[in-house]
Amino acid sequence: MKKLVMACGIAALAIATVSCTQSSSKGNDSFADSIAEYMGTVQGSDIASSYANLDSAQRATMSKDAILAGIKTVLMADTADKGYLAGLNIGIGLMQQASYPDQAGVKIDRQLLFEKFAAAFKADSVADMTQNRQTLQGLMMQLQRKAMEAQQAAEKARREEAANSPEAKANEKAGSEYAAKMKAEDKAYQTTESGLVYKVDKAGSGASPKDTDVVKVKYTGRHIDGTTFDTSGDRAVDFPVNGVVPGFSEALKMMKKGAKYTVIIPGNLAYGPEGTPDGNIKANETLVFDIELVDINAKK
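What comes next is a walk through the structure. All figures in this text were calculated on a predicted structure; none of them were measured in a lab.

1. Quick look at the side chain of K199
Inspection of the secondary structure puts K199 in strand β2 (residues 197-202). In this structure K199 comes out as buried when scored by relative accessible area, which is 17%. What K199 contacts, discounting residues up to four positions off in sequence, is D186, A188, Y189, K260, Y261 and T262.

2. Let's talk about a nonpolar patch on the surface
A surface patch of nonpolar side chains, amounting to about 350 Å² of accessible area, comprises L68, I71, L75 and M76. Tracing the backbone shows L68 in helix α4 (residues 64-75).

3. Some remarks on helix α8 (residues 166-185)
Each α-helix turn comprises 3.6 residues. Residues three or four places apart therefore point the same way. Here α8 contains 20 residues, and its C-alpha end-to-end distance of 29 Å stays within 8% of the 28 Å for a straight helix at 1.5 Å per residue. All of the buried residues in α8 are A168, G175, Y178, A179 and M182. With its buried residues spanning 95° around the axis, α8 presents them on a single face. Exposed side of α8, more than 90 degrees from the buried face: P166, K173, A184 and E185 are the residues found there. Residues of α8 that are buried make contact with α7 (130-163), β2, β6 (260-265) and β7 (287-296).

The rules we used
- Residues numbered from 1 in each chain as written.
- Predicted model: local features only at pLDDT ≥ 70, side-chain atom pairs only at ≥ 80, totals over all residues.
- Heavy atoms only, no water.
- Helix = DSSP H or I, 4+ residues; strand = E, 2+ residues; numbered from the N terminus.
- Buried < 20%, exposed > 50% of the residue type's maximum accessible area, 1.4 Å probe, protein only.
- Contact = heavy atoms within 4.5 Å.
- Patch = residues over 30% accessible without salt bridge, like charges linked within 9 Å, V, L, I, M, F, W, Y side chains within 5 Å.
- Areas by Shrake-Rupley, 256 points an atom, 1.4 Å probe, with all protein chains shown as cover.
- Salt bridge = Lys/Arg side-chain N within 4 Å of Asp/Glu carboxyl O.
- Expected span 1.5 Å × (residues − 1).
- Arc of directions from axis to C-beta.

If you want it as structure tokens, here you go:
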């Protein structure tokens, strides 16, 4: 939505800085009509592209007709009145600032905001705002904390909802059954306190990597049906130990240089109830990895 608002703001700014008339195109020459035609078509298409990239929830809060009504109000304003146009731009900025507290569940009185703005703006002299600025800064810091708390609460609720979805529950059950089956068939599998299931195919030697280390690894990732979703192939890749999903990171910190492990990572230690954005890994899906720790801090 920010991208769309910025695009609309740019259009509004252009209106405030370019002299034109409120009259229709009647009487304009073909050159002026061509500018109007192509400016409208190109910028309308740009805004449409931004609008199309919004998610459905955002689009539901702003219809195209409503957007057009707002644009027309500004576009058809008397451009000879520069003060009015400046007020429109300032008002848009104030409106955006006034909307920020909504994210923290704080509904401010916009009429009071306007009255105080008007009183300060029309005062005979500009007062020293040092104390008021400090007070506002403190209030905004409180608001920022509230906004973060509200965002965290919303994220927690969203994750809980995702975790309780039928798909997430089904994948969690399938993964648990797969891990139990593999452990029953091969007693070499062990389970950590976190729930990670692993088997040492080859023991390495030396020290194990830490969170702050960078490792060189060969790996293959599979779904529990055996299909591969990612692999490094014969090429070892470098990445930080703490830069992968929790289950993979935990396995690395148990391994030593030269070790090869097979690990079964339950969904809560992999990509969780959200899976991956591309949908390749589903909600709470259990993943299987063949991991070979080639080196530790090789670049150093």
